[in-house]
Structures are given as C-alpha cells and as structure tokens.
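# Summary of the model geometry
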Amino acid sequence: MRSPPKLMVVASAGGHWVQLMRLRKAWDGLDVVYMTTEPGLCDIVKTMARDEGAPSPKFISVTDANLTEKARLARQLFEVLFAVLRHRPDVIITTGAAPGYFALRFGKLIKARTIWVDSMANAEKLSKSGKEVRKYADLWLTQWEHLAQSDGPHFMGRVL
Amino acid sequence: MIFLTTGTQLPFDRLVRAVDAWAEAAQPGCEIFGQVLSPPEAPYRPRNFETRTRLSPAEYAEIFEKARLIVSHAGMGTILTALTRGKQICIMPRQVKYGEHRSDHQLATVERLGAHPGLHKARDEHDLAGCLDRALAEGESLQIATIDPFAAADFSDRLRAFILSTEK
C-alpha cells in the first residue's frame, strides 16, 4: 500500500510566501516541511496549523538573499541543499524566488517531483528564475492565462 | 491609523515623500506609521510620522490589524494580505527608471489586477493624494467585502491531485 508523499513547501518571505500559503489546502493533512527566509514565520505557521487542526509542520529558515547578493546567495544555496538532502521530500512546491529555484534543482537530484508556480506579480512575462527552472519543474505554471503556452508554462489558476 | 509599508527588499522613497506631503497638506494630525526601508545614501526622513526599517511578522500582523488604511508598493504580498483582512489599500507601482526595482512588473500588476472593493490604484506620486482621499472617504462609508484566505478550490484541488499521484 502506498503511503502519502512527503512534501516540501518553499518560498522566500513576503509576496511569494503569502501567495503560496493561499494554496495550502493542496497539502492539507500531509507531512509537510516549510522552508522560507524569515525565522519569525515559524510561530505563524505552527499557530495556523493548530487553528486549522492540521498536523504540526516542520519549519526551516534559510538566509535571505536576492540575485545581486552573491555571498548571501551562495550561503542560501548550501542551506537549501542540506535541507533537501536531509528531509528527502517526495514532492517540492514553490512560488519562488531564489530558495524555490534552488530547492527544485536539488530536488531533481533526489528524484522528487517538482512544482513551480510563478508569482502572480509576473503578469507581463515569467520571472527570471521561472524561465530558468523550466527543465527542473515537472509542473511548470504561470498564474496568467495569457502567458501560458502549449509546451509550458501552463495555467491552472491564480491565487486571487 | 494609516500603515505605510515599502516591503523589506528595496527602498521606495518616492512613495514615502508623497505620503509625507499628503499628510502635511491634507491630513494634519492624522496618525501614520511607516515600515520604511530607505536608501543608505541620502535617506528621506518623513516629518509627519515615525518609521522603522523592519518589523517582525508578529509586529507586522499587529499593526496591519490596527490600521484602517494600508499604503504600499504594488507588491502581491501586501495586496493579498489587505484584501484578506478587509482593509482599504492604496498601491503605487515601483518603476525601474527611478531605480526602485529590477523590472517594471509592478506596473503590470497595477494594470492587470481586477477591481476589488477596497483596492485603490495610484499610477504615480501625483495620483497618490487623490487615491488616499478616495480610500479614506470610502472606508468610512463602505463595508468592505473580504476575499477568502484560500485560492479558488479548483486550483488547489488540481495541485493536490498532482501531489497525491506521486509514488513514494
């Protein structure tokens, strides 16, 4: 008999995180580890799970970095690598940005199935990381119908 | 209280200046609090309200709850949080030509976002004062419809189906 898959849910703090949390019914009741860039979100995630009667999730925070901060980005990369190797999720879902990109790339090394939901903020073209992650995303999604193509990115819906 | 937030990633002094000018001209004595990241070189110090660079998620949630109006960059996080909590929000997009972001995606956000009760869009700093006045006027006369805290069920159901179809 199959046991339910183990999930890793990844987003940098801020808009990416807020969007991803709106999708949490997709993993309601599953074994989940959250990964983000703001340690203060730990309490919020655990309180939310308790209030909704969901199992208490695991939580990992990694260094915050944007594409111009090379040293911080390198640190984040290693932290995400260790987290993926340690938790060995069966599925990884992310709305970006950098930590989600790294998680999907490392996820493919351990044969996880991967989901990229490009941020709703990218209404005119896909994000840079969203374009680059194409090869590593089993489900490669945009949140805007007019950006969807027959060979991807696909459109399944929008968080708002 | 009015809560001004620029997000934690990049400065947005054009918005801070515009809110400060509006407060001085139109709303003397109006209580405003700002979560403002300023450029390290020549930061703008507002004359009409206090600011802090960073807030913890718990502090942010507390101030957000108290505010009757949110003023922010056109970032999806703040917009979604305001609509979920039933707050009036004025958004103004960051622009690359002023060095405010790495792309002009916030212009597209403002253009593409549908109409929602309580969501007010300002094109730029010249448009902001009118936008703030409209939001305040509406806030006192309208009960705002709030959006659901979850995305539409068909979207999360399809993602769930994909997740559950995974062989362990």
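No experiment lies behind these values; they were computed from the predicted model shown.

### Digging into the overall build of chain A
Each helix and strand counted, chain A has 5 helices and 7 strands in total. Beginning at the N terminus, the succession of helices and strands in chain A can be written as β-α-β-α-β-α-β-α-β-α-β-β. In terms of C-alpha radius of gyration, chain A reaches 15 Å, essentially the compact-globule figure of 15 Å for 160 residues. Structurally, chain A occupies a C-alpha span of about 40 × 40 × 30 Å along its principal axes.

### Considering the sheet that holds strand S1 (residues 6-11) of chain A
All names here are of chain A. Taken in spatial order, the 7 strands make up an open sheet running S3-S2-S1-S4-S5-S6-S7, and their pairing is parallel. Each edge of the open sheet is held by one strand with a lone partner, namely strand S3 (58-61) and strand S7 (154-155). Relative to strand S4 (residues 91-96), S1 runs parallel, the two sharing 5 bridges. Residue pairing across strands places alanine 11 opposite glycine 96, the latter belonging to S4.

### A look at the nonpolar core
Ranked by internal contacts, the top residues of the largest apolar core, which has 81 residues, are Val9(A), Ala103(A) and Val19(B). Excluding its chain neighbours within four sequence positions, the residues that come into contact with Val19(B) are Leu4(B), Ile32(B) and Val71(B).

### Quick look at helix H4 (residues 98-109) of chain A
Since the α-helix advances by 3.6 residues per turn, residues separated by three or four positions end up pointing in the same direction. Residues and elements named next belong to chain A. Over its 12 residues, H4 runs 17 Å from end to end, which matches the ideal 16 Å to within 8%, given 1.5 Å per residue. Every buried residue of H4 is listed here: Ala98, Pro99, Gly100, Tyr101, Phe102, Ala103, Leu104, Arg105, Phe106 and Gly107. Tucked into the core, H4 has its buried residues touching S1, strand S2 (31-36), helix H3 (70-87), S4, strand S5 (113-117) and helix H5 (128-132). At the C-terminal side of H4, lysine 111 shows a positive phi close to 65 degrees.

### Points about the confidence of the model for chain B
Mean pLDDT over chain B: 92, with 97% of residues reaching 70 or higher. With a pTM of 0.94, the predicted complex shows an ipTM of 0.96.

### A closer look at the interface of chain A and chain B
With 35 residues of chain A at the contact, the number on the chain B side is 32 residues. Split by residue class, the side of chain A that touches chain B holds 18 nonpolar, 9 polar and 8 charged.

### Quick word on the packing of H3(A) against H4(A)
Residues and elements named next belong to chain A. Interhelical geometry of H3 versus H4 gives an angle of 45 degrees and a closest axis separation of 9 Å. Considering their axes alone, H3 and H4 lie oblique with respect to each other. The crossing of H3 and H4 is right-handed. Of H4, the residues touching H3 (which contributes Leu73, Gln76, Leu77, Val80, Leu81 and Val84) are Ala98, Pro99, Phe102, Ala103, Phe106 and Gly107. Its residues assigned to classes, the contact of H3 with H4 shows 10 nonpolar, 2 polar and no charged.

### Some words on the packing of helix H1 (residues 13-26) of chain B against helix H5 (residues 125-141) of chain B
When two helices pack together, their arrangement is given by the angle between the helix axes and the distance between those axes. Residues and elements named next belong to chain B. Viewed as axis vectors pointing N to C, H1 and H5 meet at an angle of 50 degrees, and their least axial separation amounts to 9 Å. By the angle class used here, H1 and H5 are oblique. The hand of the H1/H5 crossing is right-handed. Residue-level contacts link Arg14, Ala18, Trp22 and Ala26 of H1 to Glu125, Leu128, Ala129, Leu132 and Asp133 of H5. In terms of residue class, the contact of H1 with H5 is built from 6 nonpolar, no polar and 3 charged.

Rules of the game
Residue indices begin from 1 for each chain and proceed along its sequence in written order. Just so you know, chain letters begin at A and ligand numbers begin at 1, following the order they were written in. The predicted nature of this model means local features are confined to residues of pLDDT at least 70 and side-chain atom pairs, given and counted, to a pLDDT of 80 or more, with totals for whole chains, interfaces and linings taken over all residues. A run of H or I in DSSP counts as a helix once it spans at least four residues, and a run of E counts as a strand once it spans at least two, with each numbered from the N terminus. This radius of gyration counts C-alpha atoms alone. The globule rule is 2.2 Å times how many residues there are, raised to the power 0.38. For two strands to count as paired, DSSP must find a minimum of two bridges between them. To count as a nonpolar core, a set of buried Ala, Val, Leu, Ile, Met, Phe, Trp, Tyr and Cys residues must be joined through C-beta atoms within 7 Å. In this scheme every C-beta is placed from the backbone, and a residue whose C-beta has 20 or more other C-beta atoms within 10 Å is buried, one with 12 or fewer is exposed, and one in between is partly exposed. Working definition of a contact: two residues with C-beta atoms, positioned from the backbone, lying within 7 Å. Given a helix with a known number of residues, its expected span is that number minus one, times 1.5 Å. Scored from 0 to 100, pLDDT reflects the predictor's confidence in each residue. Residues are grouped as follows: Ala, Val, Leu, Ile, Met, Phe, Trp, Tyr, Cys and Pro are nonpolar; Asp, Glu, Lys and Arg are charged; all remaining types, including Gly, are polar. To get an axis, a line is fitted to the C-alpha atoms, and for a helix only the part in contact is used. The angle between two axes follows their N-to-C directions and goes from 0 to 180 degrees. By definition in this entry, angles of less than 35 degrees are roughly parallel, angles greater than 145 are roughly antiparallel, angles of 65 to 115 are roughly perpendicular, and the rest are oblique. Note on convention: the crossing is left-handed when the near helix lies turned anticlockwise from the far helix by less than a right angle, right-handed when the turn is clockwise.

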